[in-house]
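The chain contents come next:
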Amino acid sequence: MSIGLLQHPETKRHDILDDFESLYWIAQYGRITQYLEEGAHQPLEIFDERERDEERNQWIGGKKKLEWVLQSEGRPIPCSCEPLRGLVADMDNAWRRYHQLQADHEGKDVEWEETRAKYKNAEFWTSMFASALTKFPAKAKRGRARQEENVSTTWTSRKRKAEPSDQPLRRS
């Protein structure tokens, strides 16, 4: 969940940026729980942090996530999967800049608006993900590419000449 939604659950209006930021946190969680290098610290506390805001009578969070992303510059990313490490590093850079500008865009209004517009564009994020996916080994093909390979192979192996006695298939 995005930092904005965690910090302002009743007043923050959900938008596409919240969804894109959620993808960042999903990638981080996957990296931490599935691809962390042996012996590295597993900082799961960033996902579970919350506190009670008695004044607003609600639970809020996002403080540790905000600290994490703002302090990400230069931090090593202990990850046994190189393409995922690169993706997380690219996303770290993007979300760090976003949250820095959001916190203080005085005198930087143009950059703030340009950054928001750029980040709201799905092409910005899909190109980042596509770049990372091309770096995975060829044997790791999954999904549509693998299905198309299988369909192509299956079709070729079953191809034969139609005979006059062949009846068209009827669907019921």
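Rules used in this analysis
Residues numbered from 1 in each chain as written. Predicted model: local features only at pLDDT ≥ 70, side-chain atom pairs only at ≥ 80, totals over all residues. Heavy atoms only, no water. Helix = DSSP H or I, 4+ residues; strand = E, 2+ residues; numbered from the N terminus. Buried < 20%, exposed > 50% of the residue type's maximum accessible area, 1.4 Å probe, protein only. Areas by Shrake-Rupley, 256 points an atom, 1.4 Å probe, with all protein chains shown as cover. Expected span 1.5 Å × (residues − 1). Contact = heavy atoms within 4.5 Å. Axes fitted to C-alpha atoms, helices over the stretch in contact; angles between N-to-C directions. Parallel < 35°, antiparallel > 145°, perpendicular 65-115°, else oblique. Nonpolar A, V, L, I, M, F, W, Y, C, P; charged D, E, K, R; others polar. Arc of directions from axis to C-beta. Disulfide = S-S within 2.5 Å. Left-handed = near helix turned anticlockwise from the far one by under 90°. Pairing = 2+ DSSP bridges.

A. View of the overall build of the protein. A tally of regular secondary structure across the protein gives eight helices and two strands. Listing the helices and strands of the protein from first to last along the sequence gives α-α-α-β-β-α-α-α-α-α. Per-residue burial over the protein gives 28% buried out of 172 residues. For the protein, the exposed surface amounts to about 12,400 Å²; the carbon and sulfur share of it is 50%.

B. The arrangement of helix H5 (residues 82–103) in detail. Over its 22 residues, H5 runs 31 Å from end to end, which matches the ideal 32 Å to within 8%, given 1.5 Å per residue. Taken as a whole, H5 has its buried residues at Pro 83, Leu 84, Leu 87, Val 88, Met 91, Asp 92, Ala 94, Trp 95, Arg 96, Tyr 98, His 99 and Leu 101. The elements touched by buried residues of H5 are helix H1 (3–7), helix H2 (16–34), helix H4 (63–70), helix H6 (109–120) and helix H7 (122–133).

C. Structural context of the environment of Leu 5. Locating Leu 5 in the fold gives a position in helix H1. Placed 57 residues apart in sequence, Leu 5 and Gly 62 show a C-alpha to C-alpha distance of 8.2 Å. Aside from chain neighbours lying at most four places away, what touches Leu 5 is Lys 12, His 14 and Asp 18.

D. Seen up close, the packing of H2 against H4. Packing of H2 against H4 brings their axes to within 13 Å, and their N-to-C directions diverge by 85 degrees. Between H2 and H4, the angle is such that the two are roughly perpendicular. Packed against H2, whose contacting residues are Tyr 24, Trp 25, Gln 28 and Arg 31, the element H4 presents Lys 65, Trp 68 and Val 69 at the interface. In terms of residue class, the contact of H2 with H4 is made up of four nonpolar, one polar and two charged.

E. Spotlight on H6. Between its terminal C-alpha atoms H6 stretches 16 Å, which fits the 16 Å expected from twelve residues at 1.5 Å a residue. Within H6 the residues assigned to the buried category are Trp 112, Thr 115 and Tyr 119. For H6, the buried positions fall inside an angular range of 65 degrees around the axis, keeping them on one side. Looking at H6, the residues exposed on the side facing more than 90 degrees away from the buried face are Val 110 and Glu 114.

F. Examining the state of the cysteines more closely. Summed over the entire model, instances satisfying the criterion amount to zero disulfides. Free cysteine: Cys 81, not disulfide-bonded; nearest cysteine sulfur from Cys 79 at 5.4 Å. The exposure class assigned to Cys 81 is buried, which follows from its relative accessible area of 11%.

G. Structural context of the packing of H5 against H7. Axis separation between H5 and H7 bottoms out at 8 Å; the angle between their running directions is 155 degrees. Considered as vectors, H5 and H7 are oriented roughly antiparallel to each other. The two elements H5 and H7 meet at a crossing, and its hand is right-handed. In contact with Pro 83, Leu 87, Asp 90, Met 91, Ala 94 and Trp 95 of H5, H7 contributes Phe 124, Trp 125, Met 128, Phe 129 and Ala 132. Of the residues assigned to the contact of H5 with H7, the class counts are ten nonpolar, no polar and one charged.

H. Seen up close, the pairing of strand E2 (residues 58–61). With four bridges joining them, strand E1 (residues 50–53) and E2 adopt antiparallel strand pairing. Bridging from a neighbouring strand, Arg 52 pairs with Trp 59 of E2.

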